[in-house]
Amino acid sequence: MASPLSRRRSNIAIGALAFCGMVVAVMFTLMVPIIPELPRLLSVPAEDASWVITATLLSSAVFTPVSGRLGDMYGKRRMIVISLALMIAGSAICVVSSSLPLVVLGRALQGCAVGVIPLGISIMRDLLPAERLGSAMALMSATMGAGGAAGLPLGALVAQFADWHMLFLVSAGMGVAGLVLALTVVPDSRVRAGGRFDLLGAAGLTAGLVCFLLPISKGGSWGWTSPLTLGLFAASAVVFLVWGFVQLRISDPLVDLRTTARPQVLITNLTSIAFGFSMFGMSLVFPLVLQAPSATGYGMGLSLFEAGLCMAVGGALMIVLSPVSARVTGAYGPKVTLMIGALLMLAGYGSALFLMDEIWHVVLAATIVSSGAGLGYAAMPASIMGAVPTSETAAANGINALMRAIGTSTASAVISAVLAAATVQRGAFSLPSQNGLHLALIITAVSATVAMIIAALLPRRRRRPEPARTRPDGRAEAVPTRPAP
């Protein structure tokens, strides 16, 4: 049993890490209100302005697993500090510039902060007693969805009353607050993996992810059957095959593929892709319904700020439900929690297919989906860490975060293509038709069903995270995980 003082310090550390997670999530959605205005604000064609979004996607996908491995080797708090510092630097660049290359650079640096959430979860595993770990991890996981939901109305409010550069000033200010908290109240973990950093592996992973995610992001404008799109997909397949072959044959790989291939880790990561796809569908469909004019036959005619407030209800509930997820996972294992979460997402999208005539209908459906996503996201770290040694915690959580990012990126491409293919003309604007929205909801519901089916394949026996054990030099001892009785 922890002493009162150590419990108080751990509460402060948990709160600080959760705040850092919120900072990163808010940063991602703060600029959503100005996305349609980017070509005008930057004085560039829409095709070029889209790189502001693509740069963040690519940098976050690449840096998250890399920062996880570096955190295992050289210190997780150190990598949180570096990640937040990069985010602050990127925000500062965007504050003072209206040039496309500099804004793209700034957004790329901002994307490097996404690894803060898996790193924070890994610190919790190293420092907290077992009885407090589940609820702390659940809270940290919930910050991604809750912070993202909070960023929408905040960004709309700032964009409505101030210059668009102020959005990045807000991001920089929050980043500074998170950085100060990380340096002052978050204890450092002495658990280290040792070994040498795999530079070649990092380069290979970067090349593979860029070749895979770039056509997903730009395929709509390039054409899904264009030589460039197909060529990049083919190149990603070749790069990943060669990268995996090399990773299996070196002593200190960037990603331990043998650990990643363990059933519990592999199935959880596959479930994460489906969860990420299904959850992001909500972010694309429901705000559109809330903001579309009533002349479409389905729109509510709300402002972006009002729509953001409606969506923030579900984000807040993700925080509220985090201890519930921890208790369910502790009692029945992450398999059950993931399945319940997927079932709730399915129920939310199913209700939206039949009840989307009033604002409260949309809010209810979004809240149900957010509840399911919150339960699932909070259970994923517990499932991952029950199957990996302590010395690989941050890297394994980073890969899991990458899988969710792949799911959300794929959802963005697929659902955007569906909505673009089914449009109606309303004056000078072309908006998705109601049939297109229904098809998008069906696709997201199918994704939630897939997540539930994959989660059902998880091993029956849940695994207990092992307490961190360190050698006198501070490096992690190899501790085999064991199933809970």
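Not measured: the values here are computed from a predicted model.

Once that is clear, we can look at the overall build of the protein. Per the secondary structure count, the protein includes 18 helices and 4 strands. The C-alpha radius of gyration of the protein comes to 21 Å, within 12% of the 23 Å expected for a compact globule of 485 residues. Counting only C-alpha atoms and orienting by the principal axes, one finds that the protein spans roughly 70 × 45 × 45 Å. The contacts of the protein with a sequence gap of at least 6 include a subset with a gap of at least 24, amounting to 78%. When the accessible surface of the protein is split by element, carbon and sulfur atoms take 69% of a total near 19400 Å². Across the protein, the centroid of the 31 positively charged side chains sits 10 Å from that of the 18 negatively charged ones.

This part takes up the packing of aromatic side chains. Within the structure shown, the criterion is met by 5 aromatic pairs. Ring centres 6.3 Å apart and planes at 75° place the aromatic pair Phe240 and Trp243 in the edge-to-face group. Taken together, the positions of Phe240 and Trp243, both in helix H11 (residues 227–247) and 3 residues apart, correspond to about one turn of that helix. A relative accessible area of 27% means that Phe240 is categorised as partly exposed. On the basis of an interplanar angle of 50° and a centroid distance of 6.5 Å, the ring pair of Phe275 and Tyr377 is categorised as tilted. You can see Phe275 sitting in helix H13 (residues 263–291) and its partner Tyr377 sitting in helix H16 (residues 359–385), a full 102 residues away along the chain. The residues Phe275 and Tyr377 share a single accessibility class, namely buried.

Two elements in contact, helix H14 (residues 304–332) and H16, have axes whose closest approach is 7 Å; the angle formed by their N-to-C orientations is 35°. The handedness of the crossing between H14 and H16 comes out as right-handed. Along its contact with H14, which presents Cys310, Met311, Val313, Gly314, Gly315, Leu317, Met318, Leu321, Ser325 and Thr329, the element H16 presents Ile359, Val363, Ala366, Thr367, Ser370, Ser371, Ala373, Gly374, Leu375, Ala378, Ala379 and Ala382.

Here the focus is the confidence of the model for the protein. For the protein, per-residue confidence averages 85 on the pLDDT scale, and 93% of positions sit at 70 or higher. For residues 1–5, every residue scores under 50 in pLDDT, and the model assigns this stretch 1 contact once sequence neighbours within four places are set aside. For residues 462–485, every residue scores under 50 in pLDDT, and the model assigns this stretch 59 contacts once sequence neighbours within four places are set aside.

What follows is about the packing of H13 against H14. Angle between the axes and distance between the axes: these two values describe a pair of packed helices. For the pair H13 and H14, interaxial distance at closest approach is 9 Å and the crossing angle is 145°. For the element pair H13 and H14, the recorded crossing hand is right-handed. Across from Met279, Met282, Phe286, Pro287, Leu290 and Gln291 in H13, the residues of H14 making contact are Leu304, Ala307, Cys310, Met311 and Met318. When grouped by side-chain class, the residues that make up the contact of H13 with H14 number 10 nonpolar, 1 polar and no charged.

What follows deals with the nonpolar core. Considering soluble globular proteins, one finds that nonpolar side chains tend to be buried as a cluster. Among the nonpolar cores identified, the biggest contains 77 residues, and Leu42, Val52, Ile80 and Met124 are the most heavily contacted of them. Contact partners of Val52, with chain neighbours within four places excluded, come to Met31, Leu38, Leu42, Leu100, Val103, Val104 and Arg107. Within the second largest apolar cluster, 49 residues are counted, among which are Ala142, Ala307, Cys310 and Met380.

Right, let's get into unusual backbone geometry. Although it is not a glycine, Ser43 sits at a positive phi angle of roughly 60°. Within the secondary structure, Ser43 is located in the loop between helix H2 (38–42) and helix H3 (46–49). Overall, the relative accessible area of 67% leaves Ser43 in the exposed class.

Tracing the backbone through its elements, the reader meets Asp72 in helix H4 (residues 51–74). With residues up to four places along the chain from it excluded, the contact list for Asp72 reads Val191, Arg192, Ala193, Ser391, Glu392, Thr393, Ala394 and Ala395.

Right, let's talk about the pattern of salt bridges for a bit. Close approach of charged atoms allows side chains with opposite charge to pair. The full count for this structure, using the stated rule, is 4 salt bridges. Beyond isolated ion pairs, a larger network of salt bridges with shared partners links Asp72, Lys76 and Asp126.

Taken together, the side chains of Leu200, Val238, Val242, Phe245, Val246 and Ile250 present a nonpolar region at the surface, about 530 Å² in accessible area. The biggest single contributor to the nonpolar patch is H11, with 4 residues.

In this section: the environment of Thr64. Mapped onto the elements, Thr64 comes out in helix H4. Thr64 sits in the buried class, given a relative accessible area of 3%. Sequence-wise, Thr64 and Ala405 are 341 residues apart; in three dimensions their C-alpha atoms are separated by 10.0 Å. Setting aside residues up to four positions removed in sequence, Thr64 forms contacts with Val114, Gly115, Pro118, Gly398 and Ala401. A polar contact of 2.6 Å, which involves the side chain of Thr64, links it to the backbone oxygen of Ser60.

Scoring rules and cut-offs
In this numbering scheme, every chain counts its residues from 1 along its sequence in written order. In keeping with the model being predicted, local features are shown solely for residues with a pLDDT of at least 70 and side-chain atom pairs are shown and tallied solely at 80 or more, while totals for entire chains, interfaces and linings include all residues. Heavy atoms from the whole structure form the basis of all side-chain values; hydrogens and water molecules are not counted. Starting at the N terminus, helices and strands are each numbered in turn, a helix being any DSSP run of H or I of at least four residues and a strand any DSSP run of E of at least two. Note on method: radius of gyration uses C-alpha positions; expected globular size equals 2.2 Å times residues raised to 0.38. Any two residues whose heavy atoms approach within 4.5 Å at even a single point are treated as in contact. All accessible-area figures derive from a Shrake-Rupley calculation using a 1.4 Å probe, and residue coverage is judged against the displayed protein chains alone. As used throughout, the charge tally considers Lys and Arg to be positive and Asp and Glu to be negative, leaving His and the chain termini uncounted. Working definition for charges: the position is that of NZ of Lys, CZ of Arg, CG of Asp or CD of Glu. Only the six-membered ring of Trp is used, alongside the rings of Phe and Tyr, when aromatic pairs are assigned; centres must lie within 6.5 Å, and planes under 30 degrees apart are stacked while those over 60 apart are edge-to-face, with the rest tilted. Residue exposure (1.4 Å probe, protein chains only): buried if accessible area is under 20% of the type maximum, exposed if over 50%, otherwise partly exposed. To get an axis, a line is fitted to the C-alpha atoms, and for a helix only the part in contact is used. The angle between two axes follows their N-to-C directions and goes from 0 to 180 degrees. Crossing handedness is defined as follows: a turn of the near helix away from the far one that is anticlockwise and smaller than a right angle gives a left-handed crossing, while the clockwise case is right-handed. The quantity called pLDDT is the predictor's confidence in a given residue, expressed from 0 to 100. Charged means Asp, Glu, Lys or Arg here, nonpolar means Ala, Val, Leu, Ile, Met, Phe, Trp, Tyr, Cys or Pro, and polar covers whatever is left, Gly included. Nonpolar cores were defined as sets of buried Ala, Val, Leu, Ile, Met, Phe, Trp, Tyr and Cys residues, with membership established by side-chain atoms within 4.5 Å. Salt bridges are defined by distance alone: a side-chain nitrogen of Lys or Arg within 4 Å of a carboxyl oxygen of Asp or Glu. Two distance rules govern patches: like charges are joined within 9 Å, and nonpolar side chains (Val, Leu, Ile, Met, Phe, Trp, Tyr) within 5 Å, applied only to residues with over 30% relative accessible area and no salt bridge. For the purposes of these results, a polar contact is taken to be a pair of N or O atoms within 3.5 Å, where, inside protein, one atom must be able to donate a hydrogen and its partner to accept one; residues adjacent in sequence count only when each atom of the pair is a side-chain atom.

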